Amino acid sequence: MPSYSPVLAIATGIFELAAAAWTLNSPGRKSILRPTALIFILLAGYQFAEVAVCARPATLLYSRLAFLDITWLPPVGIWLVYRLLPRAPRRILFPAVFMAAAVGVSAWIALDPATITKSVCQTVIVRYFHGPVFEVAYGMFYQAGMGVLIFWPALTMAAVGDATARNHLACVQSGVLGFVLPSLFVRLMVKEPAGLLPSVMCHFAVTLAVALTLLVARERRAAVGENKRIQASQA
């Protein structure tokens, strides 16, 4: 079995942390920039957790920390989509349901040592072995979250009057598709070994980080342009 190299995870994590810092210091709507920065932090957190997992594979605490981290990616992404849409009382349903589900899944991971029973590191990825009930439940939670992040923007984008918000929604959707589709290809076509998918998905999720970087750059341009228009009108 090829030995694990942490170079890819460290490089990706540094990029994502730098993107988070840049986002938090960018002009623009904080209601959009803060959840975007949190997504960057969650993506980076998994990369560094994976390095810790492979430094001490027998210490399953690190594996549980990795899963605790990525558990929050779907609900925070759904919250970002919610903030990009026009306010409507019923739209709080998706973020509320997934936030509550993430709390329950996090408690399960933290309290039940049988959720993750083994981790094996090879090349630049980790294979995780789970209890069967947890594996099914976690898969349903995560794939449902990915489905909402793909289809909710698609169903609502046309009704959003703000062109910047529409482009932001397209970035979220394309970023999620950019790691979900290659991961499914690995799953279906390459006959991946058991337990490989979470690690593969999180490495492909650099496409989400790139898409969100474009979102932040657009939000910065819009904020700077708006400030210039205000200054010109006051001159």
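Just above sits the structure.
On a predicted model such as this, the values are computed, not experimentally measured, just so you know.

Visitor: Outline the layout of surface pockets, listing residues and values.
Guide: The volume enclosed by the largest pocket comes to roughly 430 Å³. For the lining of the largest pocket, the secondary-structure elements that each account for two or more residues are helix H3 (60-71), helix H6 (132-156), helix H7 (163-189) and helix H8 (197-204). When the residues that make up the lining of the largest pocket are grouped by side-chain class, the tally is 17 nonpolar, four polar and three charged.

Visitor: Outline the side chain of Ser-63, supporting the account with residue identities and numerical values.
Guide: The residue Ser-63 is located in helix H3 in this model. Given the relative accessible area of 0%, Ser-63 is considered buried. Filtering out sequence-adjacent residues up to four positions away, Ser-63 remains in contact with Val-53, Ile-116, Ser-119 and Tyr-128.

Visitor: Mind laying out helix H1 (residues 7-24), listing which residues take part and the relevant values?
Guide: A rise of 1.5 Å per residue sets the reference length of H1, with its 18 residues, at 26 Å; its end C-alpha atoms lie 26 Å apart and thus fit the reference within 8%. Looking at H1, one finds that the buried residues are Ala-9, Thr-12, Gly-13, Glu-16, Ala-19, Ala-20 and Thr-23. Taken down its axis, H1 places every buried residue within 125° of arc, on the same side. Away from its buried face by more than 90 degrees, H1 exposes Val-7 and Ile-14. Residues of H1 that are buried sit in contact with helix H2 (30-55), H8 and helix H9 (206-234).

Visitor: Break down empty space enclosed by the protein for me, citing the residues and quoting the values.
Guide: Using the criterion set out here, one finds two cavities of 30 Å³ or more in the structure. The volume enclosed by the largest cavity comes to roughly 50 Å³. Together, Ile-39, Leu-73, Gly-77, Leu-80, Leu-149, Val-172, Val-176, Leu-208 and Leu-212 line the largest cavity. When residues of the lining of the largest cavity are traced back to their parent elements, those giving at least two are helix H4 (73-84), H7 and H9. Sort the elements by how many residues they give to the lining of the largest cavity and H4 lands first, with three residues. The residue makeup of the lining of the largest cavity, split by class, is eight nonpolar, one polar and no charged. Computed from the structure, the second largest cavity encloses a volume of approximately 30 Å³. Lining the second largest cavity, in full, are Gln-143, Val-180, Ser-183, Leu-184, Leu-197 and Met-201. Residue assignment for the lining of the second largest cavity shows that the elements contributing at least two residues are H7 and H8. Among the elements that line the lining of the second largest cavity, the one with the most residues is H7, at three residues. Taken together, the residues that form the lining of the second largest cavity break down as four nonpolar, two polar and no charged.

Visitor: Give a description of the packing of aromatic side chains that names residues and reports values.
Guide: The full count for this structure, using the stated rule, is 11 aromatic pairs. Measuring from centroid to centroid gives 5.0 Å for Trp-79 and Tyr-82, while their planes differ by 35°, and the two rings are tilted. Placement of the pair is Trp-79 and Tyr-82 together in helix H4, with a separation of three residues, close to one helical turn. Taking the relative accessible area as the measure of exposure, Trp-79 reaches 29% and is therefore partly exposed. With a relative accessible area of 9%, Tyr-82 lands in the buried category.

Basis of the calculations
Residues numbered from 1 in each chain as written. Predicted model: local features only at pLDDT ≥ 70, side-chain atom pairs only at ≥ 80, totals over all residues. Heavy atoms only, no water. 1 Å grid on protein atoms, 1.4 Å probe; cavity = no way out; pocket = protein on both sides within 12 Å on 5 of 7 lines; lining within 4 Å. Points joined across faces, edges and corners; volume = space filled by probe spheres on them. Helix = DSSP H or I, 4+ residues; strand = E, 2+ residues; numbered from the N terminus. Nonpolar A, V, L, I, M, F, W, Y, C, P; charged D, E, K, R; others polar. Buried < 20%, exposed > 50% of the residue type's maximum accessible area, 1.4 Å probe, protein only. Contact = heavy atoms within 4.5 Å. Expected span 1.5 Å × (residues − 1). Arc of directions from axis to C-beta. Phe/Tyr/Trp six-rings, centres within 6.5 Å; stacked < 30°, edge-to-face > 60°.

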